[in-house]
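Now for the letters of each chain:
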Amino acid sequence: MTEFRIVQATELPADEAWRRVTDWPRHGAGVPFTTVRSDGRTVVARTGAGRFGFDDTMDLTHWEPPEDGRPGTCRLAKRGPLVTGWALIEVRPHRGGALVRWSEDLRIAPLPALLDRPTAWCGRLVFRRTLRTLLR
């Protein structure tokens, strides 16, 4: 299993935390050698250097911003030939700020199941850094 979860509290209000964590191009600031673009329905994270790299293509399958004290949630389905899985981001009001929960199942096709735990560990490390960068 390559699923991992990150929880981060912030003093930002829920609507601002939501805006920041769903600003897809800014995600590249936290992921090394990665640029991110989006057309509003599809998000493509390009990781690599020069001609060498790969795309992590994700479809936005659920989108509900926080409103009237309700949490906001969005779900992305990864559909690349190399990177598959899903990501679920939840932002909810919490103690005068917000609480962000990021859950992800990250699978890299050519890697054997033996490397699932190291993949999840690396994913948690990278996305924790990304989340902190986004909420600054």
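Residues numbered from 1 in each chain as written. Predicted model: local features only at pLDDT ≥ 70, side-chain atom pairs only at ≥ 80, totals over all residues. Heavy atoms only, no water.

### Structural notes on the pattern of salt bridges
And step 1. The full count for this structure, using the stated rule, is 13 salt bridges.
And step 2. Asp116 serves as the salt-bridge partner of Arg107, at 3.9 Å between the closest nitrogen and oxygen.
And step 3. Residue classification places Arg107 among the partly exposed residues on the basis of a relative accessible area of 31%.
And step 4. Here the residues in one salt-bridge network are Glu16, Arg19 and Arg20, joined through shared partners. (Salt bridge = Lys/Arg side-chain N within 4 Å of Asp/Glu carboxyl O. Buried < 20%, exposed > 50% of the residue type's maximum accessible area, 1.4 Å probe, protein only.)

### Regarding helix H1 (residues 14–21)
And step 1. Of all 8 residues in H1, 6 are buried; the element is thus mostly enclosed.
And step 2. Buried within H1 are the following residues: Ala14, Glu16, Ala17, Trp18, Arg20 and Val21.
And step 3. Taken together, the buried residues of H1 touch strand S1 (3–10), strand S4 (52–64), strand S5 (72–79), strand S6 (83–94), strand S7 (97–108) and helix H2 (116–135). (Helix = DSSP H or I, 4+ residues; strand = E, 2+ residues; numbered from the N terminus. Contact = heavy atoms within 4.5 Å.)

### What to know about the packing of aromatic side chains
And step 1. Taken as a whole and assessed by the stated rule, the structure comprises 3 aromatic pairs.
And step 2. A network of ring pairs unites the aromatic residues Phe4, Trp102 and Phe127 as a single cluster. (Phe/Tyr/Trp six-rings, centres within 6.5 Å; stacked < 30°, edge-to-face > 60°.)

### Describing a nonpolar patch on the surface
And step 1. Among the surface-exposed residues, Leu111, Leu114 and Leu115 lie close enough to one another that they form a single nonpolar patch of about 280 Å² accessible area.
And step 2. Within the fold, Leu114 resides in the loop between S7 and H2. (Patch = residues over 30% accessible without salt bridge, like charges linked within 9 Å, V, L, I, M, F, W, Y side chains within 5 Å. Areas by Shrake-Rupley, 256 points an atom, 1.4 Å probe, with all protein chains shown as cover.)

Function cannot be read off these values alone, since they describe shape.
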